[in-house]
Amino acid sequence: MENIAFEDIKVGMSVSYSQTITDADVKAFAGLSGDHNPVHVNEEYASESRFKKRIAHGLISASFFSALFGTKLPGPGCVYAGQNLKFKRPVYLGDTVTATVEVTLIDAKKRNVFFSTTCKVKNKVVISGDAELYVP
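Sequence positions are assigned chain by chain, starting from 1 and proceeding in written order. Reporting of local features is limited, given that this is a predicted model, to residues whose pLDDT is at least 70; pairs of side-chain atoms are given and counted only at 80 or more, and all residues count toward the totals for whole chains, interfaces and linings. Side-chain descriptors were evaluated using all non-hydrogen atoms of the structure, hydrogens and water having been removed beforehand.

1. Here we look at unusual backbone geometry
Residues apart from glycine generally show negative phi values, whereas peptide bonds are mostly found in trans.
Part 1 of the reasoning: Residue Leu73 is joined to Pro74 through a cis peptide bond whose omega torsion reads 5°.
Part 2 of the reasoning: Here the phi dihedral of Lys52 falls at roughly 70°; this positive angle occurs in a residue that is not glycine.
Part 3 of the reasoning: Put simply, DSSP marks the helices as runs of H or I at least four residues long and the strands as runs of E at least two long, and each gets a number from the N terminus on. Its location among the elements puts Lys52 in the loop between α3 (43–47) and α4 (58–71).
Part 4 of the reasoning: A positive phi angle is found at Arg111, which is not glycine, with a value near 60°.
Part 5 of the reasoning: Relative to the helices and strands, Arg111 is located in the loop between β3 (96–107) and β4 (112–121).

Right, dumping it as structure tokens:
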């Protein structure tokens, strides 16, 4: 884990994380969240949906932002103050999601850092949004 001092954070800094979504990920997330929507967990049901096959929970991909914040930028000890998300495309099992966060604004007085947040699959945006983090 990296730990970047608040004073060393600059607008434009960014980090990324990639992970391939598996059946095990989707089942584990369904168990953890309680979201057993059949479009995520039932192949037969999903095949009749507009997606034609199972899709991953959107919040699986969005959770990669938290991983980046807590381990890379800003790093350990930071706390979410806010996040908005726009889900633009489905993520299918087997897709590799790349999450990227980029510093867009720093409020030194409140020690808050603002980020753009994006997830992509094959260079297409699947999630976009913004986040605000408090950095101790």
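2. Side note on the environment of Phe29
Part 1 of the reasoning: Mapped onto the secondary structure, Phe29 falls in helix α1 (residues 23–33).
Part 2 of the reasoning: The spacing of Phe29 and Thr98 is 69 residues in sequence and 18 Å in space, taken between C-alpha atoms.

3. Re the packing of aromatic side chains
Each aromatic ring pair is described using two quantities: the centre-to-centre distance and the angle formed by the ring planes.
Part 1 of the reasoning: Each pair of aromatic rings taken from Phe, Tyr and Trp, with Trp reduced to its six-membered ring, is defined by centres within 6.5 Å and is described as stacked if the planes are under 30 degrees apart, edge-to-face if over 60, and tilted in the remaining cases. On inspection of all chains with the given rule, the structure shows three aromatic pairs.
Part 2 of the reasoning: Between Tyr17 and Phe64 the ring centres are 5.3 Å apart and the planes differ by 70°, which places this aromatic pair in the edge-to-face class. Of the two residues, Tyr17 is situated in strand β1 (residues 14–20) and Phe64 in helix α4; the sequence distance between them amounts to 47 residues.
Part 3 of the reasoning: According to the relative accessible area criterion, Tyr17 is partly exposed, its value standing at 29%.
Part 4 of the reasoning: Taking NZ or CZ as reference, Lys53 lies 4.8 Å from the ring centre of Tyr92, over its face.
Part 5 of the reasoning: A ring is considered to have a charge above it if a Lys NZ or an Arg CZ atom is located within 6 Å of its centre and within 35 degrees of its normal. Above the plane of the ring of Phe6 lies Arg111, whose end atom (NZ or CZ) is 4.4 Å from the centre. Residue burial is assigned from relative accessible area. The probe radius is 1.4 Å, only protein chains are included, and a residue is buried under 20% of its type maximum, exposed over 50%, and partly exposed in between.

4. Some points on the pairing of strand β5 (residues 124–134)
Part 1 of the reasoning: Examined bridge by bridge, strand β2 (residues 79–87) and β5 share eight bridges and lie antiparallel to one another. Looking at β5, one finds that Gly82 is bridged to Glu132.
Part 2 of the reasoning: Relative to β5, β4 runs antiparallel, the two being bridged by 10 bridges. Opposite Val113, over in β5, you have Leu133 as the bridge partner. The rule for pairing is simple: two strands pair if DSSP sees at least two bridges between them.

5. Some details on the side chain of Ser61
Part 1 of the reasoning: Among the secondary structure elements, Ser61 is positioned in helix α4.
Part 2 of the reasoning: What makes two residues a contact is simply this: any of their non-hydrogen atoms within 4.5 Å. When neighbours within four sequence positions are excluded, Ser61 is seen to be in contact with Val91, Val97, Cys119 and Ile127.

6. Describing the environment of Phe114
Part 1 of the reasoning: Counting through the fold element by element, Phe114 comes out in strand β4.
Part 2 of the reasoning: Residues Phe114 and Leu133 lie 19 residues apart in sequence; the distance between their C-alpha atoms is 6.4 Å.
Part 3 of the reasoning: For Phe114, the residues in contact, after removing those within four places along its chain, are Glu102, Val103, Thr104, Leu105, Asp107, Ala131 and Glu132.

7. Side note on the pattern of salt bridges
Part 1 of the reasoning: Each reported salt bridge corresponds to a side-chain nitrogen of Lys or Arg within 4 Å of a carboxyl oxygen of Asp or Glu. Taken as a whole and assessed by the stated rule, the structure comprises three salt bridges.
Part 2 of the reasoning: One salt bridge connects Asp23 with Lys27, and the closest N-O pair in it is separated by 2.9 Å. With Asp23 and Lys27 both in helix α1, this residue pair falls four residues apart, about one helical turn.
Part 3 of the reasoning: Under the relative-accessibility criterion, Asp23 is labelled partly exposed at 30%.
Part 4 of the reasoning: The residue Arg54 makes a salt bridge to Asp23 at a minimum N-O spacing of 2.8 Å. Taken together, the residues span a long stretch of sequence, with Arg54 in the loop between α3 and α4 and Asp23 in helix α1 at a distance of 31 residues.

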